[in-house]
Number of protein chains: 2
Amino acid sequence: MKEQTTQLDMVKLGIVANTCACFNLRKASRAVTQLYDEILQPSGLLTTQFTLVVAVSIAGSTTITRLAEDLVMDRTTLTRNLKPLERQGLIEIVPGQDQRTRVVALTAKGREALTKAIPLWEKVQASVVEGLGQNRWSRLLSDLSDTVLLAHKG
Amino acid sequence: MKEQTTQLDMVKLGIVANTCACFNLRKASRAVTQLYDEILQPSGLLTTQFTLVVAVSIAGSTTITRLAEDLVMDRTTLTRNLKPLERQGLIEIVPGQDQRTRVVALTAKGREALTKAIPLWEKVQASVVEGLGQNRWSRLLSDLSDTVLLAHKG
DNA sequence: GAACAATAGGTGTATATACACTTGAGCTAT
DNA sequence: ATAGCTCAAGTGTATATACACCTATTGTTC
């Protein structure tokens, strides 16, 4: 009986490692990001940058704060993440009518990069969907979406 | 017909944003990490650090490279992530028998921090499991696990 | 046993992420 | 009109992540 507490801890630790939502999501993110980055490499865009350009493209002209909310990303993180894209000339950031805001928009060069990257994205995305199977993949997407809602509200 | 390509692109962009495995996994990771960090805060550990301490604890004494493989994490990332834990005295890193290796192990202080953090983890983890429902949560875990295998091999 | 390959690890650099704090512009109530 | 509040954004700092490159130790081959 004297080893009871230690044993209990070890059981719990195994449960943590095997079931922790944060750990397992981050692990999957790492693995998938590496795969996507590898395939997107010829486009010159990292996957995070690719998805940012896509988000800017869809939003049209939008402010930092609104874009950050769309992306479930801290506003200051977005500010930092936009910097490399601005430096490469893929997006431009100009003051908005409300002088407090700054408006982000895609440039012609950004549109070009996107055109080059999309077929690569389709390839790697298809490989993941095929690997899991369409049904399971759709289910995973929907589960992830609900997880975001759950975590983001409380 | 002259707007055809532009329209096609916009459709595709919506598909990318709504279905990209990398984007949606990272988004969920951000949301969940923020939630877990918030609840774990009284422990003094970030969730990433908590899971690292758990991994070291389970592995017993292990090398950097082996631990990195377990975590599906770049070896150099792990080296960097261990630094704050070593500085706080939660782990210790000593040379192994093979002089090329360095062996990572939990300290008494690390065990203490873990003991304080585990009940907090159980609370936030339970809220996620309850929110999604046990069945859906188990399914999501298994889908994530297969996604890691899929992405990590090719 | 010496030359070479393989292995374990660290550093330099760059990006991703977020919290605390600050600045400056717009809004509101009196 | 102005004092005070709110809102948008940036900076300082710290951690998380990974690639390219380097160093040192171990193993292998002749």
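Since this is a predicted model, take the numbers as computed values, not measurements.

Let us look at the overall build of chain A. In terms of helices and strands, chain A carries 7 helices and 3 strands. When the helices and strands of chain A are placed in sequence order, the string is α-α-α-β-α-α-β-β-α-α. Overall, the C-alpha framework of chain A stretches about 70 × 40 × 25 Å when taken along its three principal axes. With 154 residues in all, chain A has 45% of them scored as buried. When contacts within chain A are restricted to residue pairs at least 6 apart in sequence, long-range pairs at least 24 apart make up 49% of them. Looking at chain A, you have 19 positive and 15 negative side-chain charges, and the mean spots of the two groups are 4 Å apart.

Attention now moves to helix H2 (residues 21–40) of chain B. Working note: α-helix, 3.6 residues per turn, so residues spaced by three or four point in the same direction. Here H2(B) is 20 residues long and its end C-alpha atoms lie 28 Å apart, about the 28 Å a rise of 1.5 Å per residue gives. For H2(B), a buried count of 15 out of 20 residues is recorded, marking the element as mostly surrounded by other parts of the structure.

Remark: helix H7 (residues 134–153) of chain A packs on helix H7 (residues 134–153) of chain B, axes separated minimally by 10 Å, with the N-to-C direction vectors making an angle of 115 degrees. Here H7(A) runs over H7(B); the crossing is left-handed. Across the interface between the two elements, A:Arg136, A:Arg139, A:Leu140, A:Ser142, A:Asp143, A:Leu144, A:Asp146 and A:Thr147 of H7(A) pack against B:Arg136, B:Arg139, B:Leu140, B:Ser142, B:Asp143, B:Leu144, B:Asp146 and B:Thr147 of H7(B).

Bringing the side chain of B:Thr107 into the picture now. Residues and elements named next belong to chain B. With respect to the secondary-structure elements, Thr-107 resides in the loop between strand E3 (102–106) and helix H6 (108–132). In this structure the side chain of Thr-107 is engaged in a polar contact, spanning 2.6 Å, whose partner is the backbone oxygen of Gly-89. If we skip the residues at most four places from it in the chain, Thr-107 touches Gly-89, Leu-90, Ile-91 and Glu-92.

Take chain B, turn it by 180 degrees, move it 0.0 Å along the axis, and it overlays chain A with an RMSD of 0.0 Å. Those values place the two copies in the arrangement expected of a two-fold rotation axis.

Before going further, it helps to spend a moment on the environment of B:Ala113. All names here are of chain B. Note that Ala-113 resides in helix H6. Judged by relative accessible area, which is 12%, Ala-113 ranks as buried. Sequence separation of Ala-113 and Val-53 is 60 residues, and the distance between their C-alpha atoms is 9.0 Å. Apart from the residues lying within four places of it in its own chain, the contact partners of Ala-113 are Leu-45 and Leu-90.

Per-residue confidence for chain A averages 93 on the pLDDT scale, and 94% of its residues sit at or above 70. The model gives residues 1–5 of chain A a pLDDT under 50, and that stretch makes 0 contacts with residues more than four places away or in other chains.

Core analysis: the largest hydrophobic core is formed by 100 residues, its most contacted members being A:Phe50, B:Tyr36 and B:Phe50. Beyond its immediate sequence surroundings of up to four residues, B:Phe50 is in contact with A:Val16, B:Leu40, B:Leu45, B:Leu114, B:Ala117, B:Ile118 and B:Trp121.

Reading the values: rules and limits
Residues numbered from 1 in each chain as written. Chains lettered and ligands numbered in written order. Predicted model: local features only at pLDDT ≥ 70, side-chain atom pairs only at ≥ 80, totals over all residues. Heavy atoms only, no water. Helix = DSSP H or I, 4+ residues; strand = E, 2+ residues; numbered from the N terminus. Buried < 20%, exposed > 50% of the residue type's maximum accessible area, 1.4 Å probe, protein only. Contact = heavy atoms within 4.5 Å. Lys, Arg positive; Asp, Glu negative; His and termini not counted. Charge placed at Lys NZ, Arg CZ, Asp CG, Glu CD. Expected span 1.5 Å × (residues − 1). Axes fitted to C-alpha atoms, helices over the stretch in contact; angles between N-to-C directions. Left-handed = near helix turned anticlockwise from the far one by under 90°. Polar contact = N/O pair within 3.5 Å; in protein donor to acceptor, adjacent residues only side chain to side chain. Least-squares fit on C-alpha atoms with pLDDT ≥ 70 in both. pLDDT = per-residue confidence, 0-100. Core = buried A, V, L, I, M, F, W, Y, C linked by side-chain atoms within 4.5 Å.

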